[in-house]
Amino acid sequence: MIVLDKENRIFTIHTLNTTYQIKADQYNVLLHTYYGPRIEDCDLSCLIQCGNRSFSPNPNEAGRSRDYSLDIMPQEYSTCGVGDFRLPSIEMELPNGSHTADLRYVDFRLEKGKYMLEGLPGFYSVKDEAETLIIFLRDAAAQVVVKLYYGVFESLDLITRAVQVVNQGTETVRLCRCASLCLDFLRSDLDMITFNGHHLMERCLDRGALRPGIQSVGSVRGTSSHQHNPFVMLCDRDADEDAGICYGAMLLYSGNFEAAVECSQYENSRLIMGIHPYHFCWTLEPGESFTAPEAAMVCSPNGFGEMSRQFHRAIRSNLIRDPYAGRRKPILVNNWEATYFDFTADKLVDIAREAAALGIEMFVMDDGWFGLRNDDNSGLGDWQVNTEKLPGGLEALVPRIKDLGMKFGIWMEPEMVNEDSDLYRAHPDWILHIPGRFPARGRGQLVLDFSRKDVRDYIYSQLREVLSSTDISYIKWDMNRSLTDVWSEALPARRQGEVYHRYVLGVYDMLERLRRDYPNILIEGCCGGGGRFDGGMLYYTPQIWCSDDSDAIDRLRIQYGTSFCYPVCTMGAHVSAVPNEQNGRITPLKTRGITAMSGAFGYEMDLGKCTEAEKTEIRQQVENYKEYYDLIHYGDYYRLSSPFQDNAYTAWEQVSADRRKVLVNVVLGCTHAASPFRTLRLKGLDSGLLYQVDQTGTVHSGKELMKAGYPLPQIQGDYPSFQFYLKVVE
Ligand code: GLA
């Protein structure tokens, strides 16, 4: 709900549990007065104090008064060069060479439903469950208008933000920074939580107290990256899973980003989130506009768990566009770890046959099926079937898979090219490269200039030929290197600062075309695993391969960190063979199953090599997953322990919306002789109801299970695990 106080020029956004407030003051400066737990009928500008502080300048119109300074007051969208020295949201190079932005409130507009941004991902409203507030700011001297967009999903407790900059003048303006979100706090006694890592270990949680100065995470790799995720949190120093105020902010963007917090001299703090300013410079000719990608915020008054569940709900219902919405997604088997590049059609059909017999529903053919792709030094760019490996092409292979009762999926890496490819030999100028320099290789490959429509059109026509040749149900859209040598043949020198962003827009354009032309194909995003796991990709690819690390124990950390923002249904997770291909660890099949089941589930191994006992177990896992699918995918997710803090076990839980069904998952870390007897306290149950544990038949009240706990069985061996299902006694 958006409440307007026109007289006092106060805009109050209420969601179910939170309030967000903005006020235009006497100088038409747009102040941020509050974001936090819901407060009815309030004007919280009384919280903002300002007074004479040396070295904090006063705007010209304040005359001789020294009591007012942009440098001290919380800004809704911070400016630069005119008196606020903290992190700017916007920076422009104006025709006279100055780097200034002085934005003042002009007007507002309310709209029913949620705004959408052309060519960019965003949360969408299905009916009128959302509202839009647009606030117009203007830099009068520069003749630049900045529109601040707010999408309000009241029942989801979610507020989205976006920004559009319009050059209304008669001269060229260069935009050097344009954040999507600026969030000022009248306090700095907060912790910042970020999700960091590397290839094979993404989104590990890091928490630290804000310190004076700027602390930031970001990416200049051209993708959102394995290293830092475009999701950050700020919270009370003592906040935990169940208590304390915490704020989560996600950027729906898959390229370079920056999330920075500045703790300022008077113990205020400011979070800025948006496209990374590195090599970003967008030329706005008169009449042109630039739209910054969307950001989304959740504030939970009750700890991290609630914040995560709000994001999960919103992402599930209003961000991802899943061709399987309301239907169960197929359980897949992928041949990558089973064969790598070394396969024949018969080998693939063998894997599929074994999988079909175990109840698995889709076969995904990974890398190696096209061009001269016998290793990772050649072939990318030549999206024609390698008929030496697959005689008769897909037209021969796919019917064999479908005859087994399985769907067929395929791997592609459309953004890339190898020098050893027909495509590169024909179009060496189609890559990102800087004249006079030899471009860096990554995994032996170069990056196609997806900022160029002609390049995209060609690749798209190649993809279409593949997709139209046979019945394909799924695409794994991969991307296996970071961007370097970012320069485009198609743009003049003054526009080269646009290439990074145009590249991302190009990727979105391709994915949107696929969605339009093949609405029933499920697309799984991938970037060497989870190097582009972000809200932007999720708009096009409802699930993303979470990590190239398929070891169940490492996955506990990766999936735990990922769960802070992203729901289980978005996390591609597979059972793979042991010793694990990435770290050599041996874990029980049961543990691998339980871990992967809390994800978009599949297998990634040669099932023909399994023993009969293992096959029986896999058949059971598949059945369990099908049975618990709704609970796992649509249930509320509770983290019961942290793999970063507790060596003994990692536990998590899914609870149905009516709190009548619960799935508890526990993986033990380190087993010891004569280990302590432990109890696990559950969460999210109904205290007044009685629950029966299906494995033991015992009955316990919700209160008992939440307050006192449930005894963890004593199990021996390496990394054992168990899963139990509770349902309300009717
Ligand atoms: C990336 C993916 C893997 C696999 C390989 C194929 O690393 O993350 O799952 O598809 O590429 O080359």
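Structure report, in brief. (Residues numbered from 1 in each chain as written. Predicted model: local features only at pLDDT ≥ 70, side-chain atom pairs only at ≥ 80, totals over all residues. Heavy atoms only, no water.)

Concerning the site of the ligand
- If you check the shell around the ligand, you find 13 residues, and the closest are D366, D367, R443, K476 and D548.
- Contact between the ligand and D366: an oxygen atom at 2.6 Å from a side-chain N or O atom of the residue.
- For the ligand, the protein covers 96% of the area, taking 310 Å² as the surface of the free molecule.
- Among the residues making up the shell around the ligand, the classes are represented as four nonpolar, three polar and six charged. (Near = heavy atom within 4 Å. Polar contact = N/O pair within 3.5 Å; in protein donor to acceptor, adjacent residues only side chain to side chain. Areas by Shrake-Rupley, 256 points an atom, 1.4 Å probe, with all protein chains shown as cover. Nonpolar A, V, L, I, M, F, W, Y, C, P; charged D, E, K, R; others polar.)

Things to note about unusual backbone geometry
- Residue P579 is reached from V578 by a cis peptide bond, and omega for that bond is -5 degrees.
- Residue position: P579 is located in the loop between β28 (571–576) and α10 (589–597).
- Despite not being glycine, D157 has its phi angle at roughly 60 degrees, a positive value.
- Its place among the elements puts D157 in the loop between β8 (144–153) and β9 (158–167).
- Residue D157 is classed as buried on the basis of its relative accessible area, which comes to 2%. (Helix = DSSP H or I, 4+ residues; strand = E, 2+ residues; numbered from the N terminus. Buried < 20%, exposed > 50% of the residue type's maximum accessible area, 1.4 Å probe, protein only.)

Quick word on the packing of aromatic side chains
- For the structure on display, the rule yields 39 aromatic pairs.
- Measuring from ring centre to ring centre gives 4.8 Å for F185 and Y247, while their planes differ by 65 degrees; the resulting arrangement is edge-to-face. In this pair, F185 is assigned in strand β10 (residues 173–185) and Y247 in strand β15 (residues 246–251), connecting sequence segments 62 residues apart. Like Y247, F185 is buried.
- Here W282 and F290 contribute two aromatic rings whose centre-to-centre distance is 4.9 Å and whose plane-to-plane angle is 50 degrees, an arrangement assigned as tilted. (Phe/Tyr/Trp six-rings, centres within 6.5 Å; stacked < 30°, edge-to-face > 60°.)

Points about the pairing of strand β1 (residues 2–5)
- By the bridge criterion, four bridges tie β1 to strand β2 (residues 10–14) in an arrangement that is antiparallel. Its bridge partner lying in β2, V3 is registered against T12. (Pairing = 2+ DSSP bridges.)

Some words on the sheet that holds strand β19 (residues 289–300)
- Ordered in space as β6-β7-β8-β9-β19-β15-β14-β11-β12, the nine strands form an open sheet in which the pairing is antiparallel. Lying at the two open borders of the sheet, with one neighbouring strand each, are β6 (104–112) and β12 (201–209). On average, each strand axis in the sheet is tilted by 20 degrees relative to the strand beside it, whichever way the strands run.
- Sheet topology note: the strand β11 (residues 190–198)/strand β14 (residues 231–236) ladder contains four bridges and is antiparallel. Bridge pairing in β14 links D191 to C235.
- Each of β8, β9, β11, β12, β14, β15 and β19 touches helix α1 (residues 303–318); the most contacted strand, β15, lies at about 30 degrees to it.
- Strands in contact with helix α9 (residues 552–562) are β11 and β12; relative to β12, the strand with the most contacts, it is inclined by about 60 degrees. (Axes fitted to C-alpha atoms, helices over the stretch in contact; angles between N-to-C directions. Contact = heavy atoms within 4.5 Å.)

Some words on the sheet that holds strand β37 (residues 721–728)
- Pairing is antiparallel in the open sheet, where six strands are placed in the order β30-β31-β32-β37-β34-β35. Single-partner strands in this sheet number two, and they are β30 (636–639) and β35 (699–701). Going from strand to strand, the sheet's axes swing by 25 degrees on average, the running direction of each strand aside.
- Across seven bridges, strand β31 (residues 649–655) lies against strand β32 (residues 661–668) in antiparallel orientation. Residue E653 lies in a different strand from β32, and its bridge partner there is V664.
- Sheet strands touched by α10: β31, β32 and β37. Its angle to β37, the strand with the most contacts, is close to 50 degrees.

A closer look at the environment of L689
- Within the secondary structure layout, L689 lies in the loop between β33 (679–680) and β34 (690–693).
- The spatial distance from the C-alpha of L689 to the C-alpha of N624 is 24 Å, given a sequence separation of 65 residues.
- Ignoring any residue separated from it by four or fewer positions in sequence, one finds L689 in contact with R659, R660, H700, S701, G702 and V728.

A short note on the environment of L186
- Its place among the elements puts L186 in the loop between β10 and β11.
- Separated by 53 residues in sequence, L186 and A239 place their C-alpha atoms 18 Å apart.
- Excluding anything up to four places from it in sequence, L186 contacts L47, I48, P74, E267 and N268.

A word on the pattern of salt bridges
- Summed over all chains, the structure comprises 50 salt bridges.
- Put simply, D84 and R86 hold a salt bridge, and the shortest N to O gap is 3.0 Å. An identical accessibility class is assigned to D84 and R86; each is buried.
- D189 serves as the salt-bridge partner of R187, at 2.8 Å between the closest nitrogen and oxygen.
- Given a relative accessible area of 24%, R187 falls into the partly exposed group.
- A cluster of three or more residues bridged by salt bridges with shared partners is formed by K453, R456, D457, D509 and R513. (Salt bridge = Lys/Arg side-chain N within 4 Å of Asp/Glu carboxyl O.)

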